[in-house]
Amino acid sequence: MFLAISEQRFSTFLICAVSCLAGCGTGEEVPQPPPASKAAPDNKEEIITSDEAANQLFDETLKLIARGEAAGPEFVTAEHYEKALENIRKIVKKHPESAIARQVISNEKLFLGKSLTQFEDHVKGVREATRDVEVTLPTNPSATTLGSRSKIIVINVNRDGSYVVGARAMKLDQIEILLEKAVQKDPDQKVLVRADGDALNRYANDVVITTRAAGVRESHLSVKQQLQ
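Cut-offs and rules
Residues numbered from 1 in each chain as written. Predicted model: local features only at pLDDT ≥ 70, side-chain atom pairs only at ≥ 80, totals over all residues. Heavy atoms only, no water. Buried < 20%, exposed > 50% of the residue type's maximum accessible area, 1.4 Å probe, protein only. Helix = DSSP H or I, 4+ residues; strand = E, 2+ residues; numbered from the N terminus. Pairing = 2+ DSSP bridges. Axes fitted to C-alpha atoms, helices over the stretch in contact; angles between N-to-C directions. Contact = heavy atoms within 4.5 Å. Salt bridge = Lys/Arg side-chain N within 4 Å of Asp/Glu carboxyl O.

**Q** Which parts of the structure should I look at to understand the pairing of strand 4 (residues 190-195)?
**A** Regular strands place side chains that alternate from one sheet face to the opposite one. Across the six residues that make up strand 4, a large majority, six, are buried. What you see with strand 4 is no split at all: Lys190, Leu192 and Arg194 on one side and Val191, Val193 and Ala195 on the other are buried throughout. As defined by bridge partners, strand 1 (residues 152-157) adjoins strand 4 across six bridges and the pair is classed as parallel. Of the residues in strand 4, the one forming a bridge with isoleucine 152 is lysine 190. Judged from the six bridges that link them, strand 4 and strand 5 (residues 218-223) form a sheet pairing that is parallel. When the bridges of strand 5 are listed, alanine 195 appears paired with valine 223.

In structure tokens:
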């Protein structure tokens, strides 16, 4: 009796073992999905992202240029233009595959009707117009130069009687409006009138009168020297 029961249990054990082995074998034959791998980057999406970033920088560039055009003092114009140049260079350096970068590199005239190289030269000219290194500025009673206290609006008077503020030719009424706005922002706004020798007496006095009419408290007159 004991032997029969043992044999029965042994048979049951064999059946279970065979079933387990069969199940394991079946599991090995079932193809397993390959491990998940990182999807390859979609080149199209990268280009779109780059174009969007470049377009955003380009929009900011155009706004900066517009602000520079609308600005009165040449140093403000130069600051806006130089920030615009930084954006343009970022577009070319960081997003060279974008449509805007390709247009810039191909010298299309996108900035004030100028190519990048021409615009760089234009910005350089505007910045040079703010330089007063050849002019010795008067000092105030505390012995500090006017230039160290605040930025000065420089009005250039040419020998033909034309006026230039920054890189833009302006008429007296335009200069007066510009100065009125500057005085509203800074009541102590200083003005330097730089005149060619031939224009010193004939035209420069009209500018000085205009500065007073605009509310400028302090203006100075200097003979303009040619930039080297």
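Still more to cover.
**Q** Just to check I follow, could you spell out the sheet that holds strand 4 for this structure?
**A** To summarise the sheet geometry, strands pair through backbone hydrogen bonds and adopt either a parallel or an antiparallel arrangement. What the five strands build is an open sheet, ordered 3-2-1-4-5; its pairing is mixed. Edge positions in the sheet fall to strand 3 (168-170) and strand 5, since each has one partner strand and no second. Within this sheet the neighbouring strands show an average axis-to-axis angle of 30°, counted without direction. Of the strands in this sheet, strand 1, strand 2 (163-165), strand 4 and strand 5 are in contact with helix 8 (residues 204-213), which crosses strand 4 at around 170°.

**Q** Could you clarify how one ought to interpret the pairing of strand 1 in this entry?
**A** Taken across its six residues, strand 1 has six buried, putting it largely inside the fold. Side chains of strand 1 alternate between two faces, with Ile152, Val154 and Asn156 and Ile153, Ile155 and Val157 buried alike. Where strand 1 and strand 2 come together, three bridges link them in antiparallel fashion. Of the residues in strand 2, the one forming a bridge with valine 157 is tyrosine 163. The hairpin turn running from strand 1 into strand 2, its antiparallel successor, is five residues long, and glycine 161 in that turn takes a positive phi close to 90°.

**Q** In this structure, what is going on with the pattern of salt bridges? I would like to understand it.
**A** According to the stated counting rule, one finds two salt bridges in the structure shown. Here glutamate 120 and arginine 89 are joined by a salt bridge, their closest N and O atoms 3.3 Å apart. Here the residue glutamate 120 occupies a position in helix 5 (residues 116-128), and arginine 89 occupies one in helix 3 (residues 74-94), the gap between them amounting to 31 residues. Relative accessible area serves as the criterion here: at 26%, glutamate 120 is assigned to the partly exposed category. Under the relative-accessibility criterion, arginine 89 is labelled partly exposed at 43%. Salt-bridge contacts for aspartate 188 lead to arginine 217; the nearest nitrogen and oxygen are separated by 3.0 Å. With a gap of 29 residues between them, aspartate 188 in the loop between helix 7 (172-185) and strand 4 and arginine 217 in the loop between helix 8 and strand 5 connect regions that are remote in the sequence. In this structure arginine 217 comes out as exposed when scored by relative accessible area, which is 64%.

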